[in-house]
Amino acid sequence: MESNNPEANFADQHNILRSRLNQKGLRLTDQRQKILDLFVMTPDGEHLSAEDIYYQATTKGEKISYSTIYRALHMMVNLGIMREVELAEGRKYYELSTSPAKQHHHLVCVHCGEVHEFEDHRVTKASQQETLGHGFLLRDCQFTVYGICQMCQLSVI
Ligand SMILES: [Zn+2]
Ligand SMILES: [Zn+2]
């Protein structure tokens, strides 16, 4: 989990994605690999939108289209590698998945968009009981709290 070696993280993520793609008869293309690498390089607690990915990739000189980015993201979400979260109103963000038992949640400022991540075993427990009770397999549990951060409270007054 807490490897400080980015090379090892890239290799791990590539291997996970490659094996899940192979199970579905899909390939780890160069572009899918590069999109995944952007997430591996993103600091913990930060989330990327399709626009962020497009911007980061094109400033590095990559030729990539929005449709390629969207297709790659949806595919990785379906394979359970990536998690899609709605933080700012109506906008989708993406982050690498962790195991459902270690899932984190988000506290979002509706004014400036500042995001805090937190873990809460009660939410995790409730999601496990709910899925178990209905014979579901737990895939993701999202709990998002919207509020106004301290800085914004000062500027709103
Ligand atoms: Zn997050
Ligand atoms: Zn704020």
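In this text the structure is predicted, and so the values were computed from the model without any measurement.

Participant: Please explain the sheet that holds strand β4 (residues 115-118) as it appears in this structure.
Facilitator: Sheet architecture is open: three strands sit in the order β4-β3-β5, paired in mixed fashion. With partners counted over all chains shown, the strands left at the sheet margins are β4 and β5 (144-147), one partner each. Neighbour-to-neighbour, the strand axes of the sheet open up by a mean angle of 20°, direction not taken into account. Sheet analysis places strand β3 (residues 105-109) next to β4, joined by four bridges and oriented antiparallel. Residue pairing in the sheet places H105 in a bridge with F118 of β4.

Participant: Please explain the domain arrangement of the protein as it appears in this structure.
Facilitator: Interfaces are often described in size by the accessible area the parts lose on coming together. Looking at the assigned domains, one finds that the protein contains domain 1 (1-97) and domain 2 (98-157). Summarising the inter-unit geometry, the C-alpha centres of domain 1 and domain 2 are found 21 Å apart. Each partner contributes to the interface: domain 1 provides 15 residues, whereas domain 2 provides 14 residues. At the junction of domain 1 with domain 2, the criterion picks out one salt bridge. Linking D140 and R83 is a salt bridge whose minimum nitrogen-to-oxygen distance equals 3.0 Å. Contributions of two or more residues to the side of domain 1 that touches domain 2 are made by α4 (66-78), β1 (82-86) and β2 (92-96). In terms of residue count, β1 provides more of the side of domain 1 that touches domain 2 than any other element does, four residues in total. A per-class count over the side of domain 1 that touches domain 2 returns six nonpolar, five polar and four charged.

Participant: I'm lost on the coordination of the zinc ion (ligand 1) in this one. Help?
Facilitator: For a metal bound by four donors in tetrahedral geometry, the ideal donor-metal-donor angle is 109.5 degrees, whereas six donors in octahedral geometry ideally sit at 90 or 180 degrees. Those donors, H47 (NE2), E95 (OE), H104 (NE2), H106 (NE2) and E117 (OE), are the protein atoms that reach the zinc ion (ligand 1), and they lie 1.9 to 2.1 Å from it. Every donor residue of the zinc ion (ligand 1) comes from the same chain, spaced as H-x47-E-x8-H-x1-H-x10-E. Of this pair, H47 sits in the loop between α2 (30-41) and α3 (50-59) while E95 sits in strand β2; the two residues are 48 residues apart in sequence, bridging distant segments of the chain. Across the pair, E95 and H47 agree in class, each one buried.

Participant: Please explain the environment of M75 as it appears in this structure.
Facilitator: Within the secondary structure, M75 sits in helix α4. For M75 and R32, which are 43 residues apart along the polypeptide, the C-alpha to C-alpha distance reads 9.6 Å.

Reading the values: the criteria
- Residues numbered from 1 in each chain as written.
- Chains lettered and ligands numbered in written order.
- Predicted model: local features only at pLDDT ≥ 70, side-chain atom pairs only at ≥ 80, totals over all residues.
- Heavy atoms only, no water.
- Pairing = 2+ DSSP bridges.
- Helix = DSSP H or I, 4+ residues; strand = E, 2+ residues; numbered from the N terminus.
- Axes fitted to C-alpha atoms, helices over the stretch in contact; angles between N-to-C directions.
- Domains from an automatic or database assignment.
- Contact = heavy atoms within 4.5 Å.
- Salt bridge = Lys/Arg side-chain N within 4 Å of Asp/Glu carboxyl O.
- Nonpolar A, V, L, I, M, F, W, Y, C, P; charged D, E, K, R; others polar.
- Donors = N, O, S within 2.8 Å, 3.2 Å for Na, K, Ca; no water.
- Buried < 20%, exposed > 50% of the residue type's maximum accessible area, 1.4 Å probe, protein only.

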